[in-house]
Structures are given as C-alpha cells and as structure tokens.
Amino acid sequence: MEKRENINVRVRFYAELKDLLKVKAVNLELTSGSDWGSLVEALSKRLSNDVMHHLRRKGLLIAVNNILVRELNKLELKDGDVIDIMPLPSGG
Amino acid sequence: MKVKISDKLDNILDLVQEIKGSSDNIGAITIFMGVVRGESGGEKVKALNFESHQELAPKMLKDLCEEIVKKHGVIDVIVEHRVNEVKVGEDIIYVIVASRHRREGFKALTELIDRIKNEIPIWKKEITDKGGKWVSPDKGHRPRY
C-alpha cells in the first residue's frame with residue numbers, strides 16, 4: 001500500500017469565525033490528498049471540539065490559494081495550500 | 001470600470017465625473033450610497049467595523065461588475081467599499097452605474113448591490129455600547145457559488 005506523504009497547510013479564519021475560535025491562522029500537518037473531513041478533524045484536534053460545531057454550520061465560504069472552492073466534496077489538499085475558512089458575507 | 005476596497009472612499013462627485021468620462025452615450029447615472037445607520041434592532045449603533053478578504057474580495061468584485069455590465073448592457077460601473085471602522089452617518093459604499101437609459105441602470109444597480117451583500121467576502125460588525133456583534137447575512141441569503 002502506497003504511503004501518503006505528509007503535507008503542511010495553513011488555515012486562515014475570518015470575521016466571526018476568527019473571534020469564535022480565538023485564532024487567526026494555524027499551520028497543520030496532514031497527509032497528501034486530505035479532504036475537507038480530514039481537515040476539520042485535524043482542526044478539532046488542534047483547536048477544540050467547538051471547531052466541529054462552527055465548521056459544520058450551514059453556510060461557509062471556503063477558498064484554497066485564493067480560489068473559491070465550489071465543490072467541497074472534491075477538495076484534495078497538497079503541500080503549501082492556504083485554506084481560507086470564512087462566514088457568509090455581510091458587507092454592503 | 002473601477003473597484004476599490006479601502007479604508008477611504010474617493011469623493012463621490014469625482015467618481016461621477018470619472019464615470020461620465022467613460023462614454024458619450026451615457027444617458028443615466030444611478031447611484032447607491034450605503035450609510036451607517038445609528039440604530040439596529042432597537043440598539044444604538046456607534047459604528048460598523050468591516051473586514052474583507054484582501055485578495056479575494058477585490059477580484060470577486062471586479063468579476064461581478066464585469067458580469068453585471070454584460071448582463072444588463074450598461075456602459076460602466078464603479079464600486080467602492082470601505083473597510084475598518086465607519087462611524088454613524090458616514091458612507092460605507094458607493095455603487096455607481098452608467099447606462100444609456102435609466103431602465104437598465106436601475107436593474108443593474110439593484111442586482112449589483114444585492115450580490116455585493118451576498119457574495120463578496122466582506123463582513124460587518126456592529127459596535128454598540130454592549131460591545132461588538134457580527135452581523136448575520138441577509139435572510140434568504142443564497143450565494144451563487
């Protein structure tokens with residue numbers, strides 16, 4: 001069985017999420033090709049169980065390397081990715 | 001076309017002159033100015049504080065403006081949105097649409113404002129005497145992505 005290599009990614013939070021989680025950004029070590037579920041699990045271990053609750057809420061904007069992710073179920077992370085987790089907009 | 005997300009807005013009259021200069025075929029200029037209201041949900045508001053995604057927000061705003069121009073057949077668009085603290089009575093956003101006729105101008109303006117509020121990664125926090133509270137998106141929010 002092929003061993004998946006470790007990758008390093010950076011996760012950034014914005015607005016209300018940043019305040020609720022009390023963190024602006026974290027660096028994580030994952031395995032190559034990790035999906036959204038794996039990312040949330042890793043964040044929960046690093047931050048707190050509250051993370052699961054906040055990240056499972058309806059309506060999040062996710063971007064990887066400044067490109068919006070339109071199909072979260074197809075997310076496959078690689079080394080150096082910067083993932084932005086944002087609440088739905090409320091500007092204007 | 002011009003989009004700007006910054007802690008300072010340009011002068012609105014200068015922006016109108018700027019957009020007028022984009023074509024001789026402009027017959028209508030429609031403008032929306034968003035202003036900080038001093039009350040929200042029965043509470044006195046002292047200020048709003050806006051945060052944006054520095055890379056994504058301007059890019060998405062530009063793409064949105066291009067889409068609106070094409071869709072409604074208007075001539076030009078300028079959008080400026082303030083970030084950081086904006087006090088009561090101060091301007092938050094200018095959305096300016098130049099068109100041949102008012103009909104398409106009003107339609108473009110309305111859609112553009114709605115989609116800016118629902119789609120562009122900018123967030124607002126109300127500052128009151130009780131502290132700060134992030135504002136939820138508009139009810140019935142359905143971003144198009």
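Residues numbered from 1 in each chain as written. Chains lettered and ligands numbered in written order. Predicted model: local features only at pLDDT ≥ 70, side-chain atom pairs only at ≥ 80, totals over all residues. Heavy atoms only, no water.

Counting residues at the interface gives 26 residues for chain B, matched by 19 residues for chain A. With both chains or domains summed, chain B and chain A bury close to 1,900 Å², and 62% of this area falls on carbon and sulfur atoms. Residues Arg12 of chain A and Glu55 of chain B are paired through a salt bridge, measuring 3.9 Å at the closest nitrogen-oxygen approach. Seen at the junction of chain B and chain A, the total is 14 residue pairs in polar contact (both at pLDDT 80 or more). Every element with two or more residues in the side of chain B that touches chain A is listed here: β4 (43–52), α2 (56–72), β7 (91–99), α3 (102–119) and β8 (122–128) of chain B. Among the residues making up the side of chain B that touches chain A, the classes are represented as 14 nonpolar, 5 polar and 7 charged. (Contact = heavy atoms within 4.5 Å. Buried area = accessible area lost by both parts, 1.4 Å probe. Salt bridge = Lys/Arg side-chain N within 4 Å of Asp/Glu carboxyl O. Polar contact = N/O pair within 3.5 Å; in protein donor to acceptor, adjacent residues only side chain to side chain. Helix = DSSP H or I, 4+ residues; strand = E, 2+ residues; numbered from the N terminus. Nonpolar A, V, L, I, M, F, W, Y, C, P; charged D, E, K, R; others polar.)

With that settled, consider the sheet that holds strand β2 (residues 25–31) of chain A. All names here are of chain A. In spatial order, the strands read β2-β1-β5-β3-β4; together these 5 strands make up an open sheet with mixed pairing. A strand with exactly one partner marks an edge of an open sheet, and here the two such strands are β2 and β4 (67–68). Along the sheet face, helix α2 (residues 36–46) touches β1 (6–13), β2, β3 (60–64) and β5 (82–87) and points at about 125 degrees away from the line of β2. (Pairing = 2+ DSSP bridges. Axes fitted to C-alpha atoms, helices over the stretch in contact; angles between N-to-C directions.)

Residues and elements named next belong to chain B. Running from amino to carboxyl end, α2 crosses α3 at an angle of 155 degrees, the nearest separation of the two axes being 10 Å. Overall, the two elements α2 and α3 adopt an arrangement that is roughly antiparallel. For α2 against α3, the interelement crossing comes out right-handed. Here α2 contributes Met60, Leu61, Leu64, Cys65, Glu67, Ile68, Lys71 and His72 to the contact with α3, which in turn contributes Glu104, Lys107, Ala108, Glu111, Leu112, Arg115, Ile116 and Glu119. Taken together, the residues of the contact of α2 with α3 sort by class into 8 nonpolar, 1 polar and 7 charged. (Parallel < 35°, antiparallel > 145°, perpendicular 65-115°, else oblique. Left-handed = near helix turned anticlockwise from the far one by under 90°.)

Another aspect to go through is unusual backbone geometry. Although it is not a glycine, Ala15 of chain A sits at a positive phi angle of roughly 50 degrees. Mapping Ala15 of chain A onto the fold places it in helix α1 (residues 15–21). In this structure, Asn84 of chain B is a non-glycine residue whose phi angle is positive, near 70 degrees. By the element assignment, Asn84 of chain B lies in strand β6 (residues 84–87).

Coordinates in, geometry out; function isn't part of it.
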